[in-house]
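Residues per chain are reported as follows:
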Amino acid sequence: MDSFVVGTNSDRQPAAAGSVEPPAGEESPSRTVDHVADQTSSHDPHATPTGTLGEPVTGPIPPQTGPGSGPVRRSARTPTLSSAPQRRLRERARWVMAGDGPPTTAFAAVRKDSGLAAEVERSVLDLVLRTGEVMVATGAPVADTTAVMLRLAAAYGVTNCQVDITFISITASIDRDDDPVTKVRVINVRTSDYSRLTEVTHLVDSADAGNLSVEAAHERMNRILTAPHPYRRWVVTGALGTMAAGVAVLLGGGLPVAAVAAVTTMVIDRSLRFLRNHGLPYLFQQALGAGIATMVALLLLWIKPYLDISDEFLPPSLVVASGIVVLLAGLSLVGAAQDAISGFPLTSAARSYEVVLYTVGIVVGIGFVLDVGRRFGVPLSINDLTGFATALPLQIGCGAVIAGSWAVASYTRMRTVPVVMGVGALASASYAGFLALGMGPAGSSFGAALVVGLLSALVQRGMRTPSMVIAVCGITPLLPGLAIYAAMFEFVDSGDVIAGGVRLIAALSIGLALAAGVTLGEFIGTPLGRNADRWQRKVQARARGTRI
């Protein structure tokens, strides 16, 4: 422990030989004062001075002269740098570590006044909301809908518009100094009506080009919403039957099973339409549709011994798979995946839950009818599930028929149907090619969907058709209808929960691979086909994450 040295200059001893006496007014390093007693403390005149270890101090004791007795010096053990080197060191460290540009992500952007009257901005906001409602109701992804709404508002000079879309509502607001305008639209209808979706995108393009006033845009929107469908309802039912027949042939069936699948699907469509008009929830509609398809398969199994029909001639499992593909085609699986990837988790979660719930309805319908058939002693059977069972040219043709049939069933304009058929044929060919390369069903589905998404993004500008319309119809031949039926067969026939769960997870992985492939393909193809405008780039910025 360091000792304290107390004394004045008169008490110093002569310097030793060879030592250098410090200049006057400075202390030697060996005799610096390391501690100064608190001058404000009280002093006992009778107290005995003690040293560092508590021993009495002998020798002359200097008088206490008060605070002005001398300066308090810093210990020689803690040398300090001069202020100038310290400042230069801090500035250099700050130059190395601190950023020199604006924030990567902009916060609280400055509001820009449009200069329009409040009545005009309210009219523009109403048009923007109606456009968003139509797009979400027809299955468009939230990212595309938001970009279209912002582009439409900017076309009429409103650049300070804020849009928030959830699964069941749309909120849009215009920030004004005098009177902010906010409106909400509740989405009550969900359907696959691609003709209205295409017409709405044409309206937005015309407004963006400056060829449409606000009043004319409202009138055109009214005509779009009240226009009749391009096809009658019986045409849609026939298209769904043709689609089921194409699925049956694609999976290895012949003309007899294609005919049975077509008739069964048309019966399902008319039955579900009747129940839908009477208010039956969609979950039970899905269960009933899958139950009807499975019931037809059980009837074929029951009458097969009496009619001397072989499984190769009329495989019942393909009838069920065809009906399931038709039921799955109406679900917004691609939209849910695109919302998740594009940075809209709330809407994606709601859409994903809807897809899962309605798929569960299909599973329940299949499982219930299969269990009833097992209890009545009807022998159950299922075909091989490894890929497509037909020759490659027939696969390509069936893919084109399936995609085109679903496009007609979704009210796609006839001039777009040939393009959709070409994309469906390419999807089937790509799937077969990836399978030949040794990739599994999920990997092959992802590769084929990637090709579909890329192609749909490239041709959308020339066709003036949303890429979602082409992509959703193009991947329809790849939907995992037979895989879902195989999973329920394992559950009911053998009671093996693990094997059935594995097959069900495999079917789910195929669906997710399709959605991810389409989304990635559109993301890659959009910059190649045309330059994204600032509204699309603004929406795409949400998908980059929070740490950029």
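Up top is the structure.
Residues numbered from 1 in each chain as written. Predicted model: local features only at pLDDT ≥ 70, side-chain atom pairs only at ≥ 80, totals over all residues. Heavy atoms only, no water.

Peer 1: Tell me what's going on with the overall build of the chain, and back it up with residues and numbers.
Peer 2: Of regular secondary structure, the chain possesses 18 helices and 3 strands. Burial analysis of the chain (548 residues in total) assigns 43% to the buried set. For the chain, the exposed surface amounts to about 29,100 Å²; the carbon and sulfur share of it is 61%. (Helix = DSSP H or I, 4+ residues; strand = E, 2+ residues; numbered from the N terminus. Buried < 20%, exposed > 50% of the residue type's maximum accessible area, 1.4 Å probe, protein only. Areas by Shrake-Rupley, 256 points an atom, 1.4 Å probe, with all protein chains shown as cover.)

Peer 1: Before we move on, could you go through the sheet that holds strand 1 (residues 161-165) and cite the residues and values that matter?
Peer 2: Two modes of strand pairing occur in sheets, parallel and antiparallel, and in both the strands are linked by backbone hydrogen bonds. Spatially, 3 strands are ordered 1-2-3 in an open sheet, and the strand pairing comes out antiparallel. Each end of this open sheet is capped by a strand with a single partner; those strands are strand 1 and strand 3 (181-186). For this sheet, the mean inter-axis angle between neighbouring strands, taken without regard to orientation, is 10°. Judged from the 6 bridges that link them, strand 2 (residues 169-174) and strand 3 form a sheet pairing that is antiparallel. Counterpart to Ser173 in the pairing with strand 3 is Thr182. (Pairing = 2+ DSSP bridges. Axes fitted to C-alpha atoms, helices over the stretch in contact; angles between N-to-C directions.)

Peer 1: So what about the side chain of Gln286? Which residues, and what values?
Peer 2: Following the sequence through the fold, Gln286 ends up in helix 8 (residues 282-307). Among residues more than four places away in sequence, those in contact with Gln286 are Leu327, Leu331, Tyr358, Gly361 and Ile362. (Contact = heavy atoms within 4.5 Å.)

Peer 1: Account for the packing of aromatic side chains, with residues named and values stated.
Peer 2: For the structure shown, the criterion picks out 1 aromatic pair. Where Tyr282 meets Tyr358, the ring centres are 4.6 Å apart and the plane angle is 65°; that geometry is what we call edge-to-face. Of the two residues, Tyr282 is situated in helix 8 and Tyr358 in helix 11 (residues 345-375); the sequence distance between them amounts to 76 residues. Accessibility expressed as a relative area gives 27% for Tyr282, which makes it partly exposed. Look at Tyr358 and you get buried, because its relative accessible area is 15%. (Phe/Tyr/Trp six-rings, centres within 6.5 Å; stacked < 30°, edge-to-face > 60°.)

Peer 1: Break down the packing of helix 2 (residues 118-137) against helix 3 (residues 142-155) for me, with residues and values.
Peer 2: Two measures define how a pair of helices packs: the angle their axes make with one another and the distance between the axes. Between helix 2 and helix 3, the least distance of the axes is 9 Å, while the angle of their chain directions is 160°. Compared by their axis directions, helix 2 and helix 3 come out roughly antiparallel. Taken as a pair, helix 2 and helix 3 cross one another with a handedness that is right-handed. Here Val124, Leu127, Val128, Leu129, Thr131, Gly132, Met135 and Val136 of helix 2 lie close against helix 3, whose contacting residues are Asp144, Thr145, Val148, Met149, Leu152 and Ala153. For the contact of helix 2 with helix 3, the residue count by class is 10 nonpolar, 3 polar and 1 charged. (Parallel < 35°, antiparallel > 145°, perpendicular 65-115°, else oblique. Left-handed = near helix turned anticlockwise from the far one by under 90°. Nonpolar A, V, L, I, M, F, W, Y, C, P; charged D, E, K, R; others polar.)

Peer 1: Describe helix 7 (residues 255-277), naming the residues involved and giving the relevant values.
Peer 2: Taking 1.5 Å per residue as the helical rise, helix 7 with its 23 residues ought to reach 33 Å, and the 33 Å between its terminal C-alpha atoms agrees with that figure. Listed in full, the buried residues belonging to helix 7 are Val257, Ala258, Ala261, Ala262, Thr264, Thr265, Ile268, Asp269 and Leu272. Just past helix 7, the residue Gly279 takes up positive phi, approximately 85°. (Expected span 1.5 Å × (residues − 1).)

Peer 1: Break down the environment of Leu392 for me, citing the residues and quoting the values.
Peer 2: Mapping Leu392 onto the fold places it in helix 12 (residues 392-409). You can call Leu392 partly exposed: its relative accessible area is 44%. In this structure the C-alpha to C-alpha distance between Leu392 and Ala429, which are 37 residues apart in sequence, comes to 7.2 Å.

Peer 1: Go over the side chain of Glu354, please, and point to the residues and values.
Peer 2: Tracing the sequence through the fold places Glu354 in helix 11. If we skip the residues at most four places from it in the chain, Glu354 touches Phe167, Arg190 and Ser332.

Peer 1: Just give me the short version of the packing of helix 14 (residues 441-463) against helix 15 (residues 467-474), but keep the residues and values in it.
Peer 2: Remark: helix 14 packs on helix 15, axes separated minimally by 8 Å, with the N-to-C direction vectors making an angle of 150°. The two elements helix 14 and helix 15 cross, and the hand of that crossing is right-handed. Packed against helix 14, whose contacting residues are Val452, Ser456, Ala457, Val459 and Gln460, the element helix 15 presents Ser467, Ile470, Ala471 and Gly474 at the interface. A per-class count over the contact of helix 14 with helix 15 returns 5 nonpolar, 4 polar and no charged.

Peer 1: Provide a residue-level description of the environment of Ala427, including the pertinent values.
Peer 2: Tracing the backbone shows Ala427 in helix 13 (residues 417-436). Residues Ala427 and Gly447, 20 residues apart in the sequence, show an inter-C-alpha distance of 9.0 Å. For Ala427, the residues in contact, after removing those within four places along its chain, are Ala448, Val452, Gly474 and Leu478.

Peer 1: So what's going on with the pattern of salt bridges? Residues and values would help.
Peer 2: Using the criterion set out here, one finds 7 salt bridges in the structure. Salt-bridge contacts for Arg185 lead to Glu133; the nearest nitrogen and oxygen are separated by 3.2 Å. You can see Arg185 sitting in strand 3 and its partner Glu133 sitting in helix 2, a full 52 residues away along the chain. Its salt-bridge partner being Asp193, residue Arg196 comes within 2.6 Å of it at the nearest N-O pair. Assigned by exposure class, Arg196 and Asp193 land together as buried. A cluster of three or more residues bridged by salt bridges with shared partners is formed by Asp126, Glu133 and Arg185. (Salt bridge = Lys/Arg side-chain N within 4 Å of Asp/Glu carboxyl O.)

Peer 1: Summarise a nonpolar patch on the surface; cite the residues concerned and give the values.
Peer 2: Residues Met295, Leu299, Trp302, Tyr306 and Leu307 make up a contiguous nonpolar surface patch of about 620 Å² in total accessible area. With respect to the element layout, Trp302 can be found in helix 8. Trp302 gets classed as exposed once you look at its relative accessible area, which sits at 51%. (Patch = residues over 30% accessible without salt bridge, like charges linked within 9 Å, V, L, I, M, F, W, Y side chains within 5 Å.)

In short, geometric facts, not functional conclusions.
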